[in-house]
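Secondary and tertiary structure notes
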Amino acid sequence: MSSPEFKNPVVKWIDHRLPVFSFMHHELHEYPTPRNLSYLWNLGSLAGLALVTMIVTGIILAMHYTPHVDHAFESVERIMRDVNHGWLIRYIHMNGASFFFIVVYIHIFRGLYYGSYKAPRELLWILGVLILLLMMATAFMGYVLPWGQMSFWGATVITNLFSAIPWVGDSIVVWLWGGFSVDNPTLSRFFALHYLMPFMIVGVVILHIIALHRFGSNNPLGIDVSGKQDTIPFHPYYTSKDLFGAMVFLTIFASAIFFYPNFLGHPDNYIPANPLQTPAHIVPEWYFLPFYAILRAIPDKLGGVLFMFGAIAVLFILPWLDRSPVRSGRFRPLFKLFFWVLLADCVLLGYLGGKPAEGIYVTLSRLATAYYFIHFLVILPLLSVVEKTRPLPQSISMPVTGAGMSAAPAAKRGKADV
Amino acid sequence: MFKRVSQIICAGGIAVLASMGGMAPAMAAGAGGDIVEHDWTFDGPFGFFDKASLQRGFQVYREVCASCHGLEYIAFRNFSDLGYSEAEIKAIAAEYDVTDGPNEEGEMFTRAAIPADRVPSPYANENAARAFNGGAYPPDLSLITKARPNGANYLYSLLVGYKDAPQGKEVPDGMYYNTAYSGNLIAMPQPLYGDDIELAGDGDTSIEALAEDLVAFLAWAAEPEMESRKRTGIAVMLFLFVMCFVSYGSMRYIWADIKKK
Ligand code: HEM
């Protein structure tokens, strides 16, 4: 790669000693990107936008927030009522968490469909799953901070899960709480960690991007880039496309913030935490519901916890479960079918996680949980062996091969180009 | 190209409209009782508060609910939102006593409230509130419409929901039958009957009208920022719609040479 010629003498002087400008040029400007990425490839930059938004609004909130059980709820109300545009900052942060998860979940399913986890991108994928775990921990602790009823009882239920660990479980829970129940020490440490973890996420995101730039983006065809004719420079092509995606995202995000800011939240969290009064139904935020359903599907506490974490653990080993050499679901008729079943299964789990654990809901949760694990542990390894994949195109710029792919090549190309 | 632009704008528009209009009522069904769905001026992206109604609602709160329920997050100065002048707010505040201090002798003292004070709560603490209400706790009302599912409709239904208990339903002492309350037995005696209040400006004093004004007032108390939030929202949405068009256009322009190959 040739070093760019910088015209500005100051830039040139700095770049000679500290090549940040060359670095940015390579990674954000000339960075060769497959020419056929679809809009699903916008979600990565949107996740970055969401992360920055959360950090900026979070730091402003922290300037006004008081992490003490007697003042936390009131300090959030003061932010809402007395801090200039505090309601805006807080609603962006509160809904931003949800939109961050929406974006990241779509991003993950994109990867699942197009086989983006396969060699040579295994570590890239694993770093992504790690980001998801950190996000979950961050969001869980953040939700505790306003110290409403759901904050308190959600924290109580989830921290109590650790008591399922044999022998040392109870001591671990007391250690986590810093006392004998969720109380002031718990709140202050959650605040400290909630402030810390987003910056850990930033660190992992940087590694994620370094790994990405090693081999470049996967693409809807799932085949490797075969030469210059298959790629275009990141700037201005994908910068302009990412900008458009960001505007569409912000439009939808803004409609939630300004018109229905509490739609995704739970009304009980506007009741101050009361350790003496358990809410009728304790439900986590929507983005945890599939995992909550898995937790409750297993009749044994320890088992539930193991399966819940197992649901993420299988994602870590996914690159070694799906051994098919073909990446993209486009050329894997059976895989494609099971992909959609898995997506439906996850939505069903999310629905069940919001229902009381009784009657038919329990049975359905068990079936859906079983299917989730069967998909990863049985169906994918089996498909790698038995599935007859469709012929792959020769290259990205010539996406059509002879056999079986004759349907309207022009239309296909038009689509792949956008 | 124009076909694609219109497709994308339509898709975006539908998503936004769905989030603006269609989704909120899906949260209906309150805490298990019968909920009347009512039209409110403050519903939807163009919602607003009717100041006269808020003032009437405040009067009802003050004359009926304030003896049992606090409004702790509202300061008197906030009443400028209801259309009161500074002098009127000073006068309203002066009708309340608050505890202040310690003074130079180290003693707490009572003084008339000023606009910067919060509305004083009727009880010193939760235990005192429970002691006065047979063990039940009348919650603070400053967040009540946000703290219940379908809050405004629920509150309205609760206020007009006192009925004679059906045959065979046991109503214990100190409990009252209410069709909106979950489980139908509430420890709050019927607060509104209608026609027992005299409203400024000859307002309608039927129980429904009183309840409506009161709900509007409490919806304001829970979300005093709502009007400016929605108004800002409209401007932001218009700006973002334009930005969607502009960024889409520039993307197409930049990509034009790629498409030709
Ligand atoms: C990964 C990024 C982040 C996520 C997913 C996240 C998530 C959340 C969530 C779900 C809440 C509860 C919102 C509510 O219901 O009120 C919250 C609250 C809060 N967060 Fe974050 N957060 C992030 C980053 C940050 C950062 C960097 C800070 C900086 C200190 C921060 C400071 C706060 C504060 C002070 C609150 C309490 C105020 C409130 O509840 O509105 N957050 N966060």
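Below is a summary of the structure that appears in this document. (Residues numbered from 1 in each chain as written. Chains lettered and ligands numbered in written order. Predicted model: local features only at pLDDT ≥ 70, side-chain atom pairs only at ≥ 80, totals over all residues. Heavy atoms only, no water.)

Some details on the packing of aromatic side chains
A full pass over the atoms with the stated rule returns 47 aromatic pairs over all chains. Measuring from centroid to centroid gives 6.3 Å for Tyr105(A) and Trp286(A), while their planes differ by 70°, and the two rings are edge-to-face. In this pair, Tyr105(A) is assigned in helix α5 (residues 86-114) and Trp286(A) in the loop between α10 (234-259) and α11 (289-297), connecting sequence segments 181 residues apart. Taking relative accessible area as the criterion, Tyr105(A) reaches 17% and is therefore assigned buried. Residue Trp286(A) is classed as partly exposed on the basis of its relative accessible area of 26%. Members of the aromatic cluster, each reached through a chain of ring pairs, are Phe58(B), Tyr61(B), Phe76(B), Phe79(B), Tyr84(B), Tyr96(B), Phe217(B) and Trp220(B). For the cation-ring pair, Arg214(A) lies above Phe215(A), with the distance from its terminal atom to the ring centre recorded as 5.0 Å. (Phe/Tyr/Trp six-rings, centres within 6.5 Å; stacked < 30°, edge-to-face > 60°. Helix = DSSP H or I, 4+ residues; strand = E, 2+ residues; numbered from the N terminus. Buried < 20%, exposed > 50% of the residue type's maximum accessible area, 1.4 Å probe, protein only. Lys NZ or Arg CZ within 6 Å of the ring centre and 35° of its normal.)

Comments concerning the environment of Met141(A)
Among the secondary structure elements, Met141(A) is positioned in helix α6 (residues 122-144). Each C-alpha atom of the pair Met141(A) and Ala211(A) lies 29 Å from the other, and the pair is 70 residues apart in sequence.

Focus: the side chain of Asn178(B)
Residue and element names in this part refer to chain B. Residue position: Asn178 is located in the loop between β3 (176-177) and β4 (185-186). A polar contact is formed between the side chain of Asn178 and the backbone oxygen of Leu158, at a distance of 2.8 Å. Once you skip the residues sitting within four places of it in the chain, Asn178 turns out to touch Ser157, Leu158, Gly161, Tyr162, Asn184 and Ile186. (Polar contact = N/O pair within 3.5 Å; in protein donor to acceptor, adjacent residues only side chain to side chain. Contact = heavy atoms within 4.5 Å.)

As for unusual backbone geometry
The residue after Ala119(A), namely Pro120(A), is reached through a cis peptide bond having omega 5°. Note that Pro120(A) resides in the loop between α5 and α6. Look at the link from His235(A) to Pro236(A): it is a cis peptide, with omega at 5°. Relative to the helices and strands, Pro236(A) resides in helix α10. Although it is not a glycine, His85(A) sits at a positive phi angle of roughly 55°. Tracing the chain through its elements places His85(A) in the loop between α4 (72-81) and α5. Here Asn184(B), not a glycine, exhibits a phi torsion of approximately 70°, which is positive. Structurally, Asn184(B) can be placed in the loop between β3 and β4.

Regarding the interface of chain A and chain B
Each partner contributes residues to the interface: chain A has 40 residues there, and chain B has 48 residues. Carbon and sulfur atoms supply 68% of the area buried between chain A and chain B, which totals about 4,100 Å² over both sides. Looking only at chain A, the three residues that lose the most surface to chain B are Arg81(A), Phe259(A) and Tyr260(A), adding up to 18% of its buried area. Here chain A and chain B share 2 salt bridges between them. We note a salt bridge from Arg77(B) to Asp82(A), for which the minimum N-O separation is 3.5 Å. Seen at the junction of chain A and chain B, the total is 9 residue pairs in polar contact (both at pLDDT 80 or more). Mapped onto the side of chain A that touches chain B, the elements with two or more residues apiece are α4, α5, α10 and α15 (409-417) of chain A. Among the elements that take part in the side of chain A that touches chain B, α10(A) stands out by supplying 16 residues, more than any other. (Buried area = accessible area lost by both parts, 1.4 Å probe. Salt bridge = Lys/Arg side-chain N within 4 Å of Asp/Glu carboxyl O.)

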